[in-house]
Each structure stands twice: as structure tokens, then as C-alpha cells.
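One-letter residues, chain by chain:
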Amino acid sequence: MCGIYGVSLSPSSQKNATELVFQGIKRIEYRGYDSWGVAALKQKKTSSSEIKVYKKIGKISEVKSVAELKLPAARTALGHTRWATHGGVTEVNAHPHLASDGSFVLVQNGVVENYQALKNKLQQQGYTFKTQTDTEVIVRLLERSVQKAKGGKLTAKLVSQAVKQLDGRSTVLIMTVEGDMYAFRYGSPLVVGRGGAGSIYFSSDVLSMSQDAIEYIAIDHGQLVSYVDGQLHIHHLTRGTEITPV
Ligand code: GLU
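These remarks concern the structure in this document. (Residues numbered from 1 in each chain as written. Predicted model: local features only at pLDDT ≥ 70, side-chain atom pairs only at ≥ 80, totals over all residues. Heavy atoms only, no water.)

### As for the environment of histidine 80
Item 1. Considering the arrangement of structural elements, one finds histidine 80 in strand E4 (residues 76-82).
Item 2. Spatially, the C-alpha atoms of histidine 80 and threonine 90 are 14 Å apart, while their sequence positions differ by ten residues.
Item 3. Apart from residues no more than four positions distant in its own chain, histidine 80 is found in contact with Cys2, Gly3, Ile4, Ile25, Ser35, Trp36, Gly37, His95, Val107 and Gln108.
Item 4. In terms of polar contacts, histidine 80 uses its side chain to reach the backbone carbonyl oxygen of glutamine 108, at 2.7 Å. (Helix = DSSP H or I, 4+ residues; strand = E, 2+ residues; numbered from the N terminus. Contact = heavy atoms within 4.5 Å. Polar contact = N/O pair within 3.5 Å; in protein donor to acceptor, adjacent residues only side chain to side chain.)

So, in C-alpha cells, the structure goes:
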């Protein structure tokens, strides 16, 4: 297991997504408690933004305040509580995992069963790995999709192309430097919540969103969610390997 929580606040919201994610992953700590992390999208004064990441080994319940993370206040953020399956419990292996060029960040709940074969192939193609996790394979697959497409940024189509190569249960939440969010559910649970004034929440557990969201959408096994330019879309995704959804 593990816990995923993500927030994209509407422009009119006075809240802080970094704080909401910090509180959100505290509520789902029961899903994974060896390490945790939060990524926040820092809005710069100029038009460009930057993704800032904080990761820590141990229990998030022992951390009293979001101020300890020294992350910026943000409109978009995501977080993770890990239960390690591949790679030791280290800060480097903790999620979120950032793309090499800082253009997106992701968290995963599950196992990429064919990660070694994918990793070997990617390494032969010149991609390098910084962690021992299966999750990093998803980061590199997405980077390769973006590079091949020469479009410069992730799209729902590119995410679905990358995801279709994964075997096993993998539910993933992605945040891009443009402030877009993508999530797909394959096996492990995923719920989307709508808050006041159009804010959007993502979580592994519907109960964890009750303080933030006012309505919920249960994402089906095999669905990909995109939240781009304030528009939520749910796409159906099919893949070769069939597994029993949770
Ligand atoms: N397989 C991933 C890892 O070991 C995710 C584990 C989880 O679901 O927490 O980092």
C-alpha cells in the first residue's frame, strides 16, 4: 500500500495546497509509514514556475507543522506516504520523484512488476537512474514519451502511452510545472474530489478528503484523469495485463 494526496486549488481560493497536502497525507499515514514526501509548485513572479520537493524518512505524524518542510505556499501540490516495495527506505527512494529537467513530479501506489526489463531497456537507450525504486521507471518512460513527441510537455495521450507499458498494480499521480495534473488508476484505489469554487483533490482514500472536498468521483480501474487548464477529463485506458482491482 501507500497513500497519495494531491490538490489543485481554484485561482480564487485563499488556501495553501502545500498545507492541505501535508494534512492530507497525515490522514492516510496508515497506508504507508516508512517515509513520506511533498512536492509544491512554486509560482514565480515571472511566468515560469518551479517544482520544490521535500522528502523524509520516518513517520509524518511526528512532524507537527508544515513550516518544517520549508516549502513554498502553493496552489498545486501532491504528497505520498511510502511503504517500500523496491529499494530501501532512504530519502532518495522516497516519493515524489522529480523528472530530470524538473518538468513534472510523480507519486506511485503499487508495483511495476516488469520494472527490471523496462529499466534495462531504458538504460540501453541512455537513461540514467538515481533511485532503486520501480517507480523511477515511470518517470523515465514519461520523459522518453515527451522527448519522442517533441511537444515539450506531457499530455494525456503521452501519459497513457507510457502507462500501457507497465505490468502490475500502479496508481500514479503526476503534477507538471505548468500546474496540470494527471492521475491513472490501475488496481490501487483513487478518488477525485471537487471542493468549493472548483478546487480539485486526489486521494487514495475517500474518507481522507472529507475536510476538503464536497463531492467525489470514484475513479474506475483503468481510467486516466487529466486536470489541464482547469478542465477535468476522465479517459478510459486499456492495457494488456488484467489484474483484480481493489
Ligand atoms: N513500489 C513503490 C516503491 O517501493 C511504491 C510503493 C508504495 O506503494 O508505497 O517506492
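Moving on, there is more to tell.
### A short note on the packing of helix H3 (residues 135-149) against helix H4 (residues 156-163)
Item 1. Direction vectors running N to C along H3 and H4 enclose 130°, while the axes themselves pass 9 Å from each other. With respect to each other, H3 and H4 are oriented oblique. At the point where H3 passes H4, the crossing takes the right-handed sense. In this structure, H3 uses Leu141, Leu142, Ser145, Val146 and Ala149 to contact H4, whose residues at the interface are Leu158, Val159 and Ala162.
Item 2. A breakdown of the residues in the contact of H3 with H4 according to their chemical character gives seven nonpolar, one polar and no charged. (Axes fitted to C-alpha atoms, helices over the stretch in contact; angles between N-to-C directions. Parallel < 35°, antiparallel > 145°, perpendicular 65-115°, else oblique. Left-handed = near helix turned anticlockwise from the far one by under 90°. Nonpolar A, V, L, I, M, F, W, Y, C, P; charged D, E, K, R; others polar.)

### Side note on the packing of aromatic side chains
Item 1. Summed over all chains, the structure comprises three aromatic pairs.
Item 2. For the pair tryptophan 36 and tyrosine 54, a centre-to-centre distance of 5.6 Å together with 45° between the ring planes defines the contact as tilted. With tryptophan 36 in strand E2 (residues 35-43) and tyrosine 54 in strand E3 (residues 49-57), this pair connects stretches of sequence that are 18 residues apart.
Item 3. Residue tryptophan 36 is classed as buried on the basis of its relative accessible area of 1%.
Item 4. Taken together, the ring pairs in this structure connect Phe22, Trp36 and Tyr54 into an aromatic cluster. (Phe/Tyr/Trp six-rings, centres within 6.5 Å; stacked < 30°, edge-to-face > 60°. Buried < 20%, exposed > 50% of the residue type's maximum accessible area, 1.4 Å probe, protein only.)

Note that all results are geometric; they support no functional claim without further evidence.
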